[in-house]
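Residue-level structural notes
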Amino acid sequence: MSFLGHCPPQDFHNRMSSTAAAAAAAAAAADLPISSLETDPLLQPFQLRNLTLRNRIFSTSHAPNYVDPGGMPGERYQRYHEEKAKGGLALTMFGGSSTVSPDSPSAFGQINCTNDAVIPYFQGLADAVHRHGALTMIQLTHLGWRTADDVADWLPVVAPSRVRERAHRSFPVEMDQQDIDRVVNDFGLAAKRVQLGGLDGLEVFAGGHLIDSFWSRRSNLRTDKYGGSLANRVRFALEVLEEIRRQVGPDFVVGMRIQGKASHKLKDPGWKLPGDSEDDLSHEECLEIAAIIANSGMVDFFNVNAGTIETDNKLATCIPSMYGPLAPHLEVAASFKREFKLPVLHATRIIDLSTARRAVKEGLLDMAGMTRAHIADPHIVNKLRSGQEDRIRPCVGAGYCLDRIYVGQDALCLHNAANGREHQGMPHVITPADGARQKRVVVIGGGPAGLEAARVCALRGHRVSLFEAAKELGGQVRLAQRATWRRDLGGVADWLADEVNKLGVEVHLNSYVEEEEVLQESPDIVIVATGGVPDTLGFEGPGVRSVWDVLSEPGSVGQEVLIFDDHGKQQAPSCAEQLARSGKSVELVTADRMVAQGMGALNWPIFLRNLYGLGVTLTPDLNLEAVESTDSGRCKVVLRNEYSGLAVEREVDTVIIEHGTVPCTEVFDNLRPSSSNDGKVDLPSLLSTPSRAQGALPGREGFLLFRVGDAVSCRNIHAAIYDSLRLCKDF
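Presented here is an overview of the structure given in this document. Each chain has its residues counted from 1, following the order in which its sequence is written. Reporting of local features is limited, given that this is a predicted model, to residues whose pLDDT is at least 70; pairs of side-chain atoms are given and counted only at 80 or more, and all residues count toward the totals for whole chains, interfaces and linings. Water and hydrogen atoms play no part in the side-chain values, which are based on all heavy atoms of the structure.

1. A short note on the overall build of the protein
Threshold: Each helix corresponds to a stretch of at least 4 residues labelled H or I by DSSP, and each strand to a stretch of at least 2 residues labelled E; elements are numbered beginning at the N terminus. Radius of gyration here is computed from C-alpha atoms only, and the compact-globule reference equals 2.2 Å multiplied by the residue count raised to the power 0.38. Think of it in three bands: with a 1.4 Å probe and only protein chains considered, a residue is buried below 20% of the maximum accessible area for its type, exposed above 50%, and partly exposed in between. Contact between two residues is taken to exist if any of their heavy atoms lie within 4.5 Å; hydrogens are not considered. Calculation of accessible area relied on Shrake-Rupley with a 1.4 Å probe; when residues are assessed, cover is drawn exclusively from the protein chains displayed. Counted as positive: Lys and Arg. Counted as negative: Asp and Glu. His and the chain ends are not counted at all. Positions of charges follow a simple convention, taking NZ of Lys, CZ of Arg, CG of Asp or CD of Glu.
Regarding its fold elements, the protein presents 26 helices and 27 strands. Whereas a compact globule of 731 residues would reach a radius of gyration of roughly 27 Å, the protein reaches 27 Å, a difference of no more than 12%. Along the first, second and third principal axes, the C-alpha set of the protein runs to 75 × 65 × 45 Å. Looking at the protein as a whole, 60% of its 731 residues are labelled buried. Summarising the internal contacts of the protein: among those between residues at least 6 apart in sequence, 72% fall at separations of at least 24. Working note: accessible area of the protein is about 28000 Å², and carbon and sulfur atoms make up 49% of it. Between the centroid of the 75 positive side chains of the protein and the centroid of its 92 negative side chains there is a distance of 4 Å.

2. Concerning the pairing of strand S19 (residues 560-565)
As a reminder of what qualifies: By convention, a crossover is right-handed whenever its connection, traced from the first strand over the helix to the second and viewed with the strands pointing away, goes clockwise. One bridge is not enough; two strands pair if DSSP finds at least two bridges between them.
Most of S19 is tucked away, with five of its six residues classed as buried. In this region the chain leaves S19, passes through helix H22 (residues 571-581) and returns to the parallel neighbour strand S20 (residues 585-590); the handedness of that crossover is right-handed. The pairing of S19 with strand S25 (residues 654-658) spans five bridges and is parallel. Within the sheet, the bridge partner assigned to phenylalanine 564 lies in S25 and is isoleucine 657.

3. What about empty space enclosed by the protein?
In this approach the atoms are scanned with a rolling probe the size of a water molecule, which exposes any empty space left behind. Rule in force here: Note on definitions: the grid is 1 Å and covers protein atoms alone; a cavity is a set of points where a 1.4 Å probe fits but cannot get out; a pocket is an open set with protein on both sides within 12 Å along at least five of seven lines; lining residues have an atom within 4 Å of a point. Grid points are joined across faces, edges and corners, and a volume is the space filled by probe spheres set on the points. Basically, the charged four are Asp, Glu, Lys and Arg, the nonpolar ten are Ala, Val, Leu, Ile, Met, Phe, Trp, Tyr, Cys and Pro, and anything else, Gly included, counts as polar.
Applying the stated rule across the entire model yields five cavities of 30 Å³ or more. Counted as a void, the largest cavity has a volume near 620 Å³. Along the wall of the largest cavity there are 35 residues; nearest its centre are Ser61, His62, Arg257, Ile319 and Leu402. The set of elements that each furnish at least two residues to the lining of the largest cavity consists of strand S4 (91-99), helix H11 (312-318), helix H14 (371-376) and helix H16 (400-405). A total of four residues in the lining of the largest cavity trace back to one element, the largest contributor, which is H14. Its residues placed into classes, the lining of the largest cavity shows 19 nonpolar, twelve polar and four charged.

4. So, the environment of isoleucine 211
On the secondary structure map, isoleucine 211 appears in helix H7 (residues 210-213). Isoleucine 211 gets classed as buried once you look at its relative accessible area, which sits at 1%. On a C-alpha basis, the gap between isoleucine 211 and histidine 62 in space is 18 Å, while along the polypeptide they are 149 residues apart. Not counting the four nearest positions on each side in its chain, isoleucine 211 is found in contact with Phe187, Val204, Phe205, Ala206, Phe236, Ala237 and Val240.

5. Concerning helix H19 (residues 490-502)
As a reminder of what qualifies: Helix span, as expected, comes to 1.5 Å for every residue beyond the first.
A rise of 1.5 Å per residue sets the reference length of H19, with its 13 residues, at 18 Å; its end C-alpha atoms lie 18 Å apart and thus fit the reference within 8%. Turning to H19, its buried residues are Gly490, Gly491, Val492, Ala493, Trp495, Leu496, Ala497, Glu499 and Val500. Lining the buried residues of H19 we find helix H17 (448-459), helix H18 (476-480), strand S15 (506-508) and helix H26 (717-728). Looking one or two residues past H19, glycine 504 carries a phi angle of roughly 80°, positive in sign.

6. Overview of helix H13 (residues 353-361)
Stated formally: Arc definition: it is the arc formed by the directions from the helix axis to the C-beta atoms.
What H13 keeps buried is the set Leu353, Thr355, Ala356, Ala359 and Val360. Seen from one end, H13 has its buried residues packed into an arc of 160°, which puts them on one side. Those residues of H13 hidden inside the fold are in contact with strand S3 (57-59), helix H12 (330-339), strand S12 (367-369) and helix H15 (380-385). Of the residues one or two after H13, glycine 363 is the one with positive phi, at around 75°.

7. Observations concerning the pattern of salt bridges
This is how the line gets drawn: Each reported salt bridge corresponds to a side-chain nitrogen of Lys or Arg within 4 Å of a carboxyl oxygen of Asp or Glu.
Scanning the model with the defined rule gives 47 salt bridges in all. Note that arginine 349 is salt-bridged to aspartate 488, the shortest N-O span being 3.5 Å. With a gap of 139 residues between them, arginine 349 in the loop between strand S11 (344-346) and H13 and aspartate 488 in the loop between H18 and H19 connect regions that are remote in the sequence. Of the residues examined, aspartate 488 reaches a relative accessible area of 32% and is grouped as partly exposed.

8. Re the sheet that holds strand S22 (residues 622-629)
Strands belonging to one sheet form pairs held by backbone hydrogen bonds; the direction of such a pair is parallel or antiparallel. Counted only if it meets this: Axis lines are fitted through C-alpha atoms, for helices just across the contact stretch, and the angle between N-to-C directions can take any value from 0 to 180 degrees.
The strand order across the open sheet built from three strands is S22-S23-S24, with neighbouring strands paired in antiparallel fashion. A single partner strand is all that each edge strand has here, and the edge strands are S22 and strand S24 (647-652). Each strand of the sheet is rotated relative to its neighbour by a mean of 25°, with strand direction disregarded. In the sheet, strand S23 (residues 635-641) pairs with S24 via six bridges, with the strands oriented antiparallel. Bridge assignment links leucine 639 to a residue of S24, and that residue is valine 648.

9. Some remarks on the sheet that holds strand S16 (residues 525-528)
Overall, parallel pairing links the five strands, which are arranged S15-S14-S13-S16-S27 in an open sheet. The two strands at the open ends of the sheet, each matched to only one other strand, are S15 and strand S27 (704-707). Going from strand to strand, the sheet's axes swing by 15° on average, the running direction of each strand aside. In this structure, S16 lies alongside S27, joined through four bridges in parallel fashion.

10. Brief notes about the packing of helix H10 (residues 283-295) against H12
Packed helices, taken two at a time, are described by their axes: the angle between them and the distance between them. The cut-off we apply is this: Angular relationships are summarised with four words: roughly parallel below 35 degrees, roughly antiparallel beyond 145, roughly perpendicular across 65 to 115, and oblique for the angles in between. In a left-handed crossing the near helix is turned counterclockwise from the far helix by less than a right angle, and in a right-handed crossing that turn is clockwise.
The geometry of H10 relative to H12 is characterised by a closest axis approach of 11 Å and an angle of 45° between their N-to-C directions. Taken together, the axes of H10 and H12 lie oblique to each other. The two elements H10 and H12 cross, and the hand of that crossing is right-handed. Across from His283, Cys286, Leu287 and Ala290 in H10, the residues of H12 making contact are Val332, Ser335, Phe336 and Glu339.

11. Some remarks on the packing of helix H5 (residues 119-130) against helix H6 (residues 177-196)
Where H5 contacts H6, the axes come no closer than 8 Å and their chain directions differ by 45°. By the angle between their directions, the pair H5 and H6 is classed as oblique. Crossing hand, H5 versus H6: right-handed. Facing H5, whose interface residues are Ile119, Phe122 and Gln123, H6 presents Arg193, Val194 and Leu196.

12. Points about the packing of aromatic side chains
Our working definition: Here the aromatic set is Phe, Tyr and Trp, taking the six-membered ring for Trp, and pairing holds for ring centres within 6.5 Å; pairs whose planes are under 30 degrees apart are stacked, those over 60 apart are edge-to-face, and all others are tilted. For a ring to carry a charge above it, either NZ of a lysine or CZ of an arginine must fall within 6 Å of the ring centroid while also lying within 35 degrees of the normal to the ring plane.
Per the stated rule, a full pass over the model turns up 13 aromatic pairs. With a centroid separation of 5.6 Å and 70° between ring planes, the pair formed by phenylalanine 302 and phenylalanine 340 is classed as edge-to-face. Here phenylalanine 340 lies in the loop between H12 and S11 and phenylalanine 302 lies in strand S10 (residues 301-306), a separation of 38 residues in the sequence. The two residues phenylalanine 302 and phenylalanine 340 agree in class, both being buried. Plain terms: the ring middles of tryptophan 485 and phenylalanine 607 are 4.9 Å apart, the flat faces sit at 45° to each other, and that makes the pair tilted. With tryptophan 485 in the loop between H18 and H19 and phenylalanine 607 in helix H23 (residues 604-613), this residue pair connects regions lying 122 residues apart in the sequence. The pair formed by tryptophan 485 and phenylalanine 607 is uniform in burial state, with each residue classed as buried. Through successive ring pairs, a cluster of aromatic residues spans Tyr66, Tyr77, Tyr80, Phe94 and Phe122. One cation-aromatic arrangement involves arginine 486 over tryptophan 485; the distance from NZ or CZ to the ring centre is 5.9 Å.

Shown next as structure tokens:
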């Protein structure tokens, strides 16, 4: 195999520009005092053994499911991480849960490090990141019990003992000495491939996979030299590290992603989730294990996480969504920082620069991981350096990125539709149209789709007017954020509205426009983003409501409530939780086999935890058949079991129906005859790579007309924003 043309890591570091010179240049470009950049804790360099990290911000390893066939990090994977390097961070770690052995198959799109085919892919990724001044590392692991036996080569799952991880549902084979020796050797070979691939280092994962399943008495029932005492239970980890060092030598940077107990345990030792066991590791034992590993001299840093992940409920606590506080596990990381001289890295919902800055300044950690924040905006550091911190697109903690992974889809940001699509030409930075005449663009509707359309068109250099019928911008997001702990969703609308304002878009609130008003604007392009209205399946009556009704007028709901959810996403559970918290008696009914069936793994455990705790009755498998008013003014509800066919009845004060929205198309339909494209999108032009601009139909004149978001069909925030980005970027 030839490595000609590849830049080895040491050459890359030798040709890096000095931090002082870079800071001065950035300050000059931003018209800021040099001292403000020089003194910001986040912009100080950090020495990690023989590596100089240009600042204190990094992105942790994760598996976005962007791999090519065979588990290779190809073009999509590389462009995704290159964008973060362009954006200014110091270190982009990649390859979450990258596999080292055939019996640790990819269950959710991990990188396959089991053979030499991966080396040139590593080289491509390293070169892409290095050319922008950042460093990159990978995470290596054997999944152990946390994978499936019916994927890839259909090999049985292996673990220290025959203890099943409920999340992945496989019954493992207890490893014998040959298995242990083989896996140890596999770790070493994978590490060598990482080194040959020109990466700057690696971390070994011990936070829910094979290595740390040896540590816990609950998953390690062995009586040989790998079980029993703490020293025995750590033996396998040390053997892995010894083999890695034997393969890569003493100077290559090797760290460990290691667990502490969730911060709740530190604040309240009696706190626990259902399923917690006395045989779980205590935080003190986690520190003892870390001490053994640190004293071995074989690792250069600890990347600290908190909690365990073997059930969906525990995963939702370990990787919290907007339900939890910001940076909930900083104290866990700080305890490692106090105990050990090794550098400490940490990332858990550090989504804003002020939190990261405090953590670094107070010495709680050395490197602040802003992983999901960089999915929302990979240009965080550049915006900080250029004095545009207020223009950073925020991570709102929706969990959409991870929710998709755990159902086998690719990771996408709820409101940055360019993320993960860099290889398709989706831009994070919108540039003005080349030499084109400034166009007159009219956007009807100020929800996420309309706001994104206005933002992108304004950045392209066009004159944009936006008309919104309501008194504020944001659309359905403004309703959704009213539901208990979902308030941070408002950050999506807040950022878009602020950008539109900064870009000089003419915004007209309380403006319901019709065909005549639009034509008076003499538009070149009209984008209809009028959204939809709730679909109550044709059921009407004084006791029938939609989720919209409840969130906008909670006083309109009686004491006994039945919610019929025929959607399966956040809408109905949010409504149920809100009503239950206000003291209502609530039953949440669905025709699906489980409540919240369409929701992801970071969200539905929180909803179920809260709904059960509030006494909400959860009833699956029932279809709504009839709603009738009784003489007493209540609602008689007829439900029919999806499988038995048997009907059951309820009598309640209010029936709430969630069945998505019906598009509002009146203004679009009226404008079609005057448009040059009949309101149709040229799909071949839209979907080509790179995409091409839309045009008029032969023989037609007038303005181009399009509709986006829920004005087309009931979908989600991401779909609405993606509609507008990929359409408007070519205007």
